[in-house]
Amino acid sequence: MSDHPFNEHIPALRRYAIALLRDRSLADDLVQDTLERGLNKLSFFKTGSNLRAWLFTIMHNLFVNQLPQSKRWQHQSIEESDTGSNDFADEMLTTRDFMQALQALSDDHRATILLIGLEQLTYEQAAKVLNLPVGTVMSRLARARERLSLLMNGDAGPQLRRVK
Amino acid sequence: MNTSTLSESEIQAYVDGHLSPEHSAQVEAYLAEHPDIDKRVKSYQEQNRMLHGLFDHVLAEPLPDKLAAVTARKSWHKRYWVAAMMGWFIIGGLTGYLWRGEVTHTVMVSVPFAERAAIAHVVYTAEMLHPVEVGADQDSHLVQWLARRLGHPLHTPDLSKFGYQLMGGRLLPGNSKGVAAQFMYQTTVGRRLTLYISVKDKGTGQTAFRIADQDGQQVMYWAEDNLSFALIGETDHQRLLEMAQVTYQAMSF
């Protein structure tokens, strides 16, 4: 038997789930639920439409409706880092700051940025996944990116240390 | 396009590469004259690069058995999918690593954690017969066992692109709070590297990535969540940093 058509999409579903939840075991549970739901709902899949976007839609709905709030990323306030010395690798700190900034975003903002920036869905596909008009997705994307940028630069609400 | 303004949608679409080449060229001409907007665009593009750098490694991982099993155990009809195939597209391409970081200073410090890690490195990398307690052939047992003893989930980083294969690991005494775990890696020519993990010392915040010289051993160390990590053994700082980056990612998710 050749590969199941879902299989080629599983790595991307995992990537998205891990980025969204920052917890591998929760992420794999979410992917598993998504695949099982997808198999059960296969008859609803419209031939010729995009399987990848369809699977992401299932995953998003599971994420929004089923995952207990307590299991999602905790929105952490960002603390001032204590390192004033220069004996560290700037790039790695930038990476960590970025992860913390991503963590500080709301679920809606993070999901939007991840679907478009990481998973490279078109705006129309992202709108379908999020069940929103395209215009709303665009404005949310713009706000989310600006927010992330401010968090990275330490200009917004909870302070991030400026790295460079 | 109106050359005197740029809409927010155009900015986003440019960042995501959704514009035609002509349209992109117009946007670029506009950006060249509007440095403030250009700065925003560049920071958004950097966000996309960071996302790929952080998470693309997941794509290359073998699937957990339970996920592979979901689609394997259900039968499906190929015929059903033939038409559907038409609509598929595959997002491809792993972006390269973002990190070309440099460690700017090497400092001589005596840090209990780094010291313990360096000592464990020296003691066990010299061991010919019993370098590890549990071999990499029992990878999942090894990781689960050490994770249970440390009380924290662990993931062994894949350092094969640097030429290092996991040999195995062992349990060691750690700080006053208990145990430490050591994973050992080796190249085909027998060069060894260890990853030492223990529960964070009291009072240690989230520290920077530091490099220390412990009697000639290069120790790259950092702390995250409740754990302290040290990577020891490679004399090339740049490579050690890159491996620390991979380790940091593997442990973070």
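In what follows, the structure referred to is the one given above.
Scoring rules and cut-offs
Residues numbered from 1 in each chain as written. Chains lettered and ligands numbered in written order. Predicted model: local features only at pLDDT ≥ 70, side-chain atom pairs only at ≥ 80, totals over all residues. Heavy atoms only, no water. Phe/Tyr/Trp six-rings, centres within 6.5 Å; stacked < 30°, edge-to-face > 60°. Helix = DSSP H or I, 4+ residues; strand = E, 2+ residues; numbered from the N terminus. Buried < 20%, exposed > 50% of the residue type's maximum accessible area, 1.4 Å probe, protein only. Salt bridge = Lys/Arg side-chain N within 4 Å of Asp/Glu carboxyl O. Expected span 1.5 Å × (residues − 1). Contact = heavy atoms within 4.5 Å. 1 Å grid on protein atoms, 1.4 Å probe; cavity = no way out; pocket = protein on both sides within 12 Å on 5 of 7 lines; lining within 4 Å. Points joined across faces, edges and corners; volume = space filled by probe spheres on them. Nonpolar A, V, L, I, M, F, W, Y, C, P; charged D, E, K, R; others polar. Core = buried A, V, L, I, M, F, W, Y, C linked by side-chain atoms within 4.5 Å.

Draft legend 1. Layout of the packing of aromatic side chains. Scanning the model with the defined rule gives five aromatic pairs over all chains in all. Arranged with centres 5.7 Å apart and planes meeting at 55°, the rings of F113 of chain B and Y196 of chain B form a pair that is tilted. Here F113 of chain B is found in helix α6 (residues 112-125), whereas its partner Y196 of chain B is found in strand β4 (residues 192-199), with 83 residues between them in sequence. Overall, Y196 of chain B belongs to the buried group, its relative accessible area being 1%. Each ring, one from W222 of chain B and one from F229 of chain B, has its centre 5.5 Å from the other, and the planes form 15°; the classification is stacked. Residue W222 of chain B shares its accessibility class with F229 of chain B, and that shared class is buried. Site record: aromatic cluster; members linked through ring pairs are F6, F45 and W54 of chain A.

Draft legend 2. Quick look at the pattern of salt bridges. Taken as a whole and assessed by the stated rule, the structure comprises 14 salt bridges over all chains. Across the salt bridge formed by D108 of chain A and R140 of chain A, the nearest N and O atoms sit 4.0 Å from each other. Here R140 of chain A lies in helix α7 (residues 134-153) and D108 of chain A lies in helix α5 (residues 107-118), a separation of 32 residues in the sequence. Overall, the relative accessible area of 42% leaves D108 of chain A in the partly exposed class. Salt-bridge contacts for R49 of chain B lead to E46 of chain B; the nearest nitrogen and oxygen are separated by 3.0 Å. You can see R49 of chain B and its partner E46 of chain B sitting in helix α3 (residues 35-55), three residues apart, about one turn around the helix. Look at R49 of chain B and you get partly exposed, because its relative accessible area is 41%. The partly exposed category is assigned to E46 of chain B, whose relative accessible area is 31%. Three or more residues are tied together by salt bridges with common partners; here these are R14, R24 and D28 of chain A together with E61 of chain B.

Draft legend 3. Up close: helix α1 (residues 10-21) of chain A. Taking 1.5 Å per residue as the helical rise, α1 of chain A with its 12 residues ought to reach 16 Å, and the 16 Å between its terminal C-alpha atoms agrees with that figure. Counting buried positions along α1 of chain A gives 12 out of 12 residues, so the element sits mostly inside the fold. What α1 of chain A keeps buried is the set I10, P11, A12, L13, R14, R15, Y16, A17, I18, A19, L20 and L21 of chain A. Summarising the contacts, the buried residues of α1 of chain A are in contact with α2 (24-40), α3 (51-65) and α5 of chain A together with α3 and α4 (65-72) of chain B. Just beyond α1 of chain A, the residue with positive phi is R22 of chain A, at close to 50°.

Draft legend 4. Empty space enclosed by the protein, seen in detail. Residues and elements named next belong to chain B. One pass over the full model with this rule turns up one cavity of 30 Å³ or more. For the largest cavity, the calculated volume is near 70 Å³. The wall of the largest cavity is formed by H152, P153, W222, E224, D225, L227, F229, Y248, M251 and S252. Of all the elements in the fold, those that place two or more residues in the lining of the largest cavity are β6 (217-224), β7 (227-232) and α8 (237-252). The element that contributes the greatest number of residues to the lining of the largest cavity is α8, accounting for three residues. Residues of the lining of the largest cavity, tallied by class, amount to six nonpolar, two polar and two charged.

Draft legend 5. Quick look at the nonpolar core. Ranked by internal contacts, the top residues of the largest apolar core, which has 104 residues, are L154, F183, I197 and M220 of chain B. Counting residues per element, this core draws most heavily on α1 of chain A, at nine residues. Sequence-distant contacts of L154 of chain B, defined by excluding residues within four places in its chain, comprise V143, L146, A147, F183, I197, L227 and M251 of chain B. The next biggest cluster of nonpolar side chains, apart from the first, holds 13 residues, and it includes A120, L172, Y221 and I232 of chain B.

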